[in-house]
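# Secondary and tertiary structure notes
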Amino acid sequence: MAIEATKRTNMRRASLRSIVSLLIGSKEPPMASQAAMGFFTDTSICIGCKACEIACKQWNQLPASEPLWTGSSYDNTGQLSATTWRHVQFIERIERPDIPLLQPVPALMSGSQSTALPFFNSDRWLMQSDVCKHCANAPCLEACPTGSIIRTEFDTVYVQQDICNGCGYCVVACPFGVIARDQYGDRKAHKCTLCYDRLKDGFEPACAKACPTDSIQFGEVEQLKAHARERLGMLHERGVKEAQLYGVDDSILDGGLNSFFLLLDQPEVYNLPQNPQRPSNNVIPASLWTIVAAAIMGLFGIFIFKQ
């Protein structure tokens, strides 16, 4: 009986060893680090065709949004969401000339008189394809309590859907309003993945592939930044003095953005914060004030009890 019991114990140990070895053997090695990849969006050549929006939805199998009239130019998307990872903004820079309702003009014929109607004077259109910024130091990644938001080997910010619990901390942490929860679906957080599945196979993201004017350029971040600075200098030489870069400077969010823009107006016009804040920067000051308030209340309580 003792021999049979020993045999059964040895068999259990052997089976456990085989299971452990199988698990260890099936574990994939970590991916080799790659050069940081990102987007450079040149709004000066965006034509608002929305090809990037459609390509993004088609490749990632995102549901189409219900068409509606937003009352904001030709923009029927509204904003980035859990099912819209690319959003083309239509910004009208239109000014009404300060003229009276009826303005006499020189007579074209003897004894005749005509008036000029107060038409709008359209200066220009500003168009921009907005997307996740894939911040070098992403606030959403810092706020995630489950570790579902990670950095890939391409230095992009990626949400692992099998780990996300839909808490929404990342939503309030993002200073750009990019990441969102799918309120009508799985209620988990979703955003641009920079087509991670395509990158692993050596293909560029679907939005950059579909852009007909190369307004969306994909590549290594450092090379794109150098190209962005060259493009800015070219526009300044041509007299476009209002052109500026957004997200190239490493001072923004303590590291810069891996998806940055060339703008033709102030960032606020494009709904981009001039100086985006990191929620984690408020942790230490808030903690100190909490300690000070608790100390004051404690001293006040001691004083009351003594009385």
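For the structure itself, look to the data block above.
Notes on the structure follow. It should be emphasised that the depicted structure is a prediction, and the values quoted were computed from it without experimental measurement. Each chain has its residues counted from 1, following the order in which its sequence is written. Note on the predicted model: pLDDT of at least 70 is required for a residue's local features to be given, and 80 or more for side-chain atom pairs to be given and counted; whole-chain, interface and lining totals, by contrast, use all residues. With hydrogens and water set aside, each side-chain value is computed from the structure's full complement of heavy atoms.

We now examine the packing of aromatic side chains. Any Phe, Tyr or Trp ring, taking Trp's six-membered ring, that has another such ring centre within 6.5 Å forms a pair; planes under 30 degrees apart are called stacked, those over 60 apart edge-to-face, and the others tilted. A full pass over the atoms with the stated rule returns four aromatic pairs. Considering the side-chain rings of Tyr158 and Tyr196, the 5.3 Å spacing of their centres and the 55° angle between planes classify their relative orientation as tilted. In this pair, Tyr158 sits in strand 7 (residues 157-159) while Tyr196 sits in helix 5 (residues 196-200), placing the two residues 38 residues apart along the sequence. Charge-over-ring placement is defined geometrically: NZ (Lys) or CZ (Arg) within 6 Å of the ring centre, and within 35 degrees of the ring normal. The residue whose ring lies beneath Arg86 is Phe39, and the NZ or CZ to ring-centre distance is 4.7 Å. Across from the ring centre of Trp59, 4.6 Å away, lies the NZ or CZ of Arg198, which sits over that ring. Working definition: helices are DSSP H or I runs of at least four residues, strands are E runs of at least two. Numbering for both runs from the N terminus.

The subject of this paragraph is the pattern of salt bridges. Salt bridges are identified by distance alone: a Lys or Arg side-chain nitrogen within 4 Å of an Asp or Glu carboxyl oxygen. If you walk through the whole model with that rule in mind, you get eight salt bridges. Its salt-bridge partner being Lys50, residue Glu53 comes within 3.0 Å of it at the nearest N-O pair. Side by side, Glu53 and Lys50 carry an identical accessibility label, which is buried. For Arg93, the salt bridge goes to Asp265, with nearest N and O atoms at 3.6 Å. In this pair, Arg93 sits in strand 2 (residues 87-95) while Asp265 sits in the loop between strand 12 (259-263) and helix 8 (283-306), placing the two residues 172 residues apart along the sequence. The buried label applies to any residue whose accessible area, calculated with a 1.4 Å probe on protein chains only, is under 20% of its type's maximum; exposed applies above 50%, and partly exposed to all values in between. For Asp265, a relative accessible area of 14% translates into the label buried.

One turn of an α-helix holds 3.6 residues; hence residues three or four places apart share an orientation. Within the sequence span of helix 2 (residues 51-60), burial applies to Cys52, Glu53, Ala55, Cys56 and Lys57. One or two residues past the end of helix 2 sits Gln61, with phi positive at roughly 55°.

With that settled, the discussion passes to unusual backbone geometry. Residues apart from glycine generally show negative phi values, whereas peptide bonds are mostly found in trans. You will see that Arg187, though not glycine, has its phi angle at about 60°, which is positive. Note that Arg187 resides in the loop between strand 8 (180-181) and strand 9 (189-190). Notably, Leu253 is not glycine yet its phi reads approximately 55°, a positive angle. Residue classification places Leu253 among the buried residues on the basis of a relative accessible area of 3%.

The next subject is the nonpolar core. The nonpolar core is taken to be a set of buried Ala, Val, Leu, Ile, Met, Phe, Trp, Tyr and Cys residues, with the residues joined through side-chain atoms within 4.5 Å. Among the nonpolar cores identified, the biggest contains 57 residues, and Phe39, Ile149, Phe176 and Tyr246 are the most heavily contacted of them. Per element, the largest residue contribution to this core is five residues, and it comes from helix 7 (residues 221-237).

Another point: helix 7. The end-to-end C-alpha distance of helix 7 is 24 Å, a good match for the 24 Å that 17 residues give at a rise of 1.5 Å each. Taken as a whole, helix 7 has its buried residues at Val221, Leu224, Lys225, Ala228, Arg231, Leu232 and Leu235. Looking straight down helix 7, one finds its buried side chains confined to an arc of 125°; they lie on one side. Within helix 7, the exposed residues directed more than 90 degrees away from the buried face are Glu222, Gln223, Glu230 and Glu237. Every residue pair with non-hydrogen atoms within 4.5 Å of one another is taken to be in contact. Looking at the packing, one finds that the buried side of helix 7 touches strand 1 (37-42), strand 10 (216-220), strand 11 (244-246) and strand 12. Looking one or two residues beyond helix 7, the residue adopting positive phi is Gly239, at roughly 95°. Take the residue count of a helix, subtract one, and multiply by 1.5 Å to get its expected span. Each C-beta atom gives one direction from the helix axis, and the arc is the one those directions make.

A separate point is the environment of Asn271. As for its placement among the helices and strands, Asn271 is situated in the loop between strand 12 and helix 8. C-alpha separation for the pair Asn271 and Gly177, spaced 94 residues apart in sequence, amounts to 9.7 Å.

Tracing the chain through its elements places Thr83 in the loop between helix 2 and strand 2. Given a relative accessible area of 18%, Thr83 falls into the buried group. Ignoring anything within four residues of it in the chain, the contact list for Thr83 reads Lys57, Leu62, Pro63 and Asp182.

As a further point, take the sheet that holds strand 11. Each strand in a sheet pairs with its neighbour through backbone hydrogen bonds, running either in the same direction (parallel) or in the opposite one (antiparallel). Sheet architecture is open: four strands sit in the order 10-1-12-11, paired in mixed fashion. Bordering the open sheet on either side are strand 10 and strand 11, each of which pairs with just one other strand. Going across the sheet, the axis of each strand differs from the next one's by a mean of 20°, ignoring polarity. The pairing criterion is simple: DSSP has to find at least two bridges between the two strands. Taken together, the three bridges between strand 11 and strand 12 define a ladder with antiparallel strand orientation. Along strand 12, the bridge assignment pairs Gln244 with Leu263. Angular values range over 0 to 180 degrees, each being the angle between N-to-C directions of two axes fitted as lines to C-alpha atoms, with helices fitted over their stretch in contact. Where helix 7 meets the sheet, it contacts strand 1, strand 10, strand 11 and strand 12, and its direction lies at approximately 135° from that of strand 10.

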